[in-house]
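# A look at the structure
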Amino acid sequence: MKKSAFISDIIFTFFLVWIVALCLFRHLKIALIPALFLAVLCGALAAAAFAALQQNKRKAFLLSRSDAALKEKLFLHLALLGDNEKTDLFAAALAEEDNATIEKLDSLFLQSEERIYFLSFRFSPVTQDEIATLSRFQTDRQKTLVCSQIEEAALTLCNRLSIDVRTGDYAFRLLKSQNALPEKFLCDEVPKNNRARKLRLCFSRANAKRFLTSGALILFFSLFTPFSYYYLVLGGILLLAALFIRIFGYS
């Protein structure tokens, strides 16, 4: 919910309760001044209750949106991250969650006393062919696939082969609960030079007309004010600025 809509709903609630309460109190033969006071009080209480209720919903909505955006950034980051870095990241998080020793078998493969973990975080979903390859891995431990996304057919095959599948939501909750989310994501945009951008906007040739119009208006008003000297100086500065920007400004 937008903040403007949130505020307008509070105002609407106040006036709705206020007018209904005022009519009710006047119907009960309460004098106008006390009725107005009581109606305002009822409207304020109703608006406060509505604001508290909606604020909680709004916070939950914003939090869910924030988590969704963060999760998307995490999966993109993991897809760009090297295999060894991914393996080390999840080895530490899984060891903390399971309170067990997690060893690195190979790139993207981890093991504990009871499980073999295979990591797959990339742009495309896990396919049936990859599950078939994983099924040929000889072990007595429970095979567990941790991935960002998996095809429906591959998931069905995992169920038939008793391969435990933990998808993106699990990976996000795991890293977030262990405070293992990266401080800087590989997909973050390079920060732009805002100062240079603002400078280009201020000294754009398109602004020459604005400086010219402002300077001309100030010079015109100098004819009607006792402080004409200040108007003449300021108007002259704006006209010079318009000329300077027109000649040397950014296109």
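Everything discussed here concerns the structure shown above.
Residues numbered from 1 in each chain as written. Predicted model: local features only at pLDDT ≥ 70, side-chain atom pairs only at ≥ 80, totals over all residues. Heavy atoms only, no water.

### Structural notes on the state of the cysteines
- The full count for this structure, using the stated rule, is zero disulfides.
- Cys158 carries a free sulfur, and the closest cysteine sulfur to it, the one in Cys147, is 7.9 Å from it.
- On the basis of relative accessible area, Cys158 is assigned to the buried category, the value being 0%. (Disulfide = S-S within 2.5 Å. Buried < 20%, exposed > 50% of the residue type's maximum accessible area, 1.4 Å probe, protein only.)

### A look at a negative patch on the surface
- Taken together, the side chains of Glu97, Asp98, Glu103, Glu113 and Glu114 define an acidic patch exposed on the protein surface.
- Structurally, Glu113 is set in the loop between strand 2 (109-111) and strand 3 (115-120).
- The class of Glu113 is exposed, set by a relative accessible area of 75%. (Patch = residues over 30% accessible without salt bridge, like charges linked within 9 Å, V, L, I, M, F, W, Y side chains within 5 Å. Areas by Shrake-Rupley, 256 points an atom, 1.4 Å probe, with all protein chains shown as cover. Salt bridge = Lys/Arg side-chain N within 4 Å of Asp/Glu carboxyl O. Lys, Arg positive; Asp, Glu negative; His and termini not counted. Charge placed at Lys NZ, Arg CZ, Asp CG, Glu CD. Helix = DSSP H or I, 4+ residues; strand = E, 2+ residues; numbered from the N terminus.)

### Focus: helix 6 (residues 168-177)
- When helix 6 is considered as a whole, its buried residues turn out to be Gly168, Tyr170, Ala171, Phe172, Leu174 and Leu175.
- Among the residues trailing helix 6, Asn179 stands out with phi positive, at a value near 55 degrees.

### Some remarks on the packing of helix 3 (residues 83-98) against helix 6
- Direction vectors running N to C along helix 3 and helix 6 enclose 75 degrees, while the axes themselves pass 10 Å from each other. Taken together, the axes of helix 3 and helix 6 are roughly perpendicular relative to one another. Touching Leu89, Phe90, Ala93, Leu94 and Glu97 of helix 3 are Tyr170, Ala171, Leu174 and Leu175, all from helix 6.
- In terms of residue class, the contact of helix 3 with helix 6 is made up of eight nonpolar, no polar and one charged. (Axes fitted to C-alpha atoms, helices over the stretch in contact; angles between N-to-C directions. Parallel < 35°, antiparallel > 145°, perpendicular 65-115°, else oblique. Contact = heavy atoms within 4.5 Å. Nonpolar A, V, L, I, M, F, W, Y, C, P; charged D, E, K, R; others polar.)

### Structural notes on the pairing of strand 1 (residues 103-106)
- One ladder, built from three bridges, connects strand 1 with strand 2; its direction is antiparallel. By the bridge assignment, Lys104 is partnered in strand 2 with Leu110.
- Hairpin connection, strand 1 to strand 2: the antiparallel pair is bridged by two residues, and Leu108 has positive phi, about 75 degrees. (Pairing = 2+ DSSP bridges.)

### Observations regarding the packing of aromatic side chains
- Using the criterion set out here, one finds five aromatic pairs in the structure.
- For the ring pair Phe14 and Phe15, a centre distance of 5.2 Å and an interplane angle of 80 degrees mean the geometry is edge-to-face.
- Between Phe90 and Phe121, the ring centres sit 5.0 Å apart and the planes meet at 15 degrees, which makes this aromatic pair stacked. With Phe90 in helix 3 and Phe121 in the loop between strand 3 and helix 4 (128-135), the pair connects residues that are 31 residues apart, well separated along the chain. (Phe/Tyr/Trp six-rings, centres within 6.5 Å; stacked < 30°, edge-to-face > 60°.)

### Some words on the pairing of strand 4 (residues 142-147)
- Taking burial as the measure, the six residues of strand 4 include five buried ones, the bulk of the element.
- In this structure, strand 3 lies alongside strand 4, joined through six bridges in parallel fashion. By the bridge assignment for strand 4, Leu119 is matched with Val146.
- Note on the crossover from strand 3 through helix 4 to strand 4: the handedness is right-handed. (Right-handed = clockwise from strand over helix to strand, strands pointing away.)

### Some remarks on the sheet that holds strand 5 (residues 164-166)
- Strand order in the open sheet formed by five strands is 1-2-3-4-5, with mixed pairing between adjacent strands. Of all the strands in the sheet, the pair left with one neighbour each is strand 1 and strand 5. Strand after strand, the sheet turns through a mean of 25 degrees between neighbouring axes, direction not considered.
- Two elements, strand 4 and strand 5, share three bridges in a ladder whose sense is parallel. Following the sheet pairing, Val146 is matched in strand 5 by Arg166.

### Some remarks on the pattern of salt bridges
- The tally for this structure, following the rule as stated, stands at five salt bridges.
- Here Arg122 makes a salt bridge to Glu130, at a shortest N to O gap of 2.3 Å.
- Take Arg122: its relative accessible area is 30%, and that puts it in the partly exposed class.
- The partner of Asp164 in a salt bridge is Arg166, and the shortest N-O contact between them spans 3.2 Å.
- Through salt bridges with shared partners, a single ionic network connects Arg115, Asp164 and Arg166.

### Brief notes about the nonpolar core
- If you look at the biggest cluster of nonpolar residues, it comprises 35 residues, and the most contacted ones within it are Phe90, Leu94, Leu110, Ile131, Leu145 and Val146.
- Taken together, the elements giving at least two residues each to this core come down to helix 2 (32-80), helix 3, strand 2, strand 3, helix 4, strand 4, helix 5 (152-160) and helix 6.
- Ranked by the residues each element gives to this core, the list is headed by helix 6, at five residues.
- In this view, Leu145 contacts Phe118, Ser120, Val126, Ile131, Ile150, Ile163, Asp164, Val165 and Arg166; residues no more than four positions away in its chain are not counted.
- Membership of the second largest hydrophobic core comes to five residues, among which are Ala21, Leu22, Phe25 and Ala39. (Core = buried A, V, L, I, M, F, W, Y, C linked by side-chain atoms within 4.5 Å.)

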